Amino acid sequence: MLHTNLANAEKQIIEVKYIYSPSERDALRQALTERKLELDVGVPTLLAEIHDLVSAHRKRVCKPSGELGVYAEQLQPKNIYGFLSGRRMEDPRVQIIDAYLQILDERKKTISSH
């Protein structure tokens, strides 16, 4: 599915799940940990990037029901700390992390194709 923004550039819809399995959560946790280390930042700065990036692409995030949009502001520092330390986080918050990581992957592919 494609979404057209104001500049008429086609962007792919970012599909997230309702429920994430333990192995999917582990993969997201590993990717988020790698991103945190890559940026060499703490959780508050990482969270600010997540909020900014996901909020900018919010209307491209599609849930299985077909509903568009997630609200990155529901993700708080304590959620990130807990998630990175292995605690279970509610699925709507995992959707935000999933969307964030998918947007980063999309950007890397765009940069490498130029």
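A quick note: this is a predicted structure, and the numbers were derived from the prediction, not measured. (Residues numbered from 1 in each chain as written. Predicted model: local features only at pLDDT ≥ 70, side-chain atom pairs only at ≥ 80, totals over all residues. Heavy atoms only, no water.)

Bringing the confidence of the model for the chain into the picture now. Averaged over all residues, the pLDDT of the chain is 90; the fraction at 70 or higher stands at 90%. Confidence drops under a pLDDT of 50 for residues 1-9, and excluding neighbours within four residues, the segment shows 15 contacts in the predicted structure. (pLDDT = per-residue confidence, 0-100. Contact = heavy atoms within 4.5 Å.)

Compared with an ideal rise of 1.5 Å per residue, which puts 18 residues at 26 Å, helix α1 (residues 22-39) spans 26 Å between its outermost C-alpha atoms and is within 8% of the ideal. Taken residue by residue, α1 has R25, L28, R29, L32 and R35 as its buried positions. On an axial view of α1, the arc spanned by its buried residues comes to 125 degrees, and they lie on one face. Exposed positions of α1 whose direction lies more than 90 degrees from the buried face are S23 and L37. Contacts from the buried residues of α1 go to α2 (43-56), α3 (77-84) and α4 (91-113). Backbone geometry just after α1 places D40 at a positive phi near 55 degrees. (Helix = DSSP H or I, 4+ residues; strand = E, 2+ residues; numbered from the N terminus. Expected span 1.5 Å × (residues − 1). Buried < 20%, exposed > 50% of the residue type's maximum accessible area, 1.4 Å probe, protein only. Arc of directions from axis to C-beta.)

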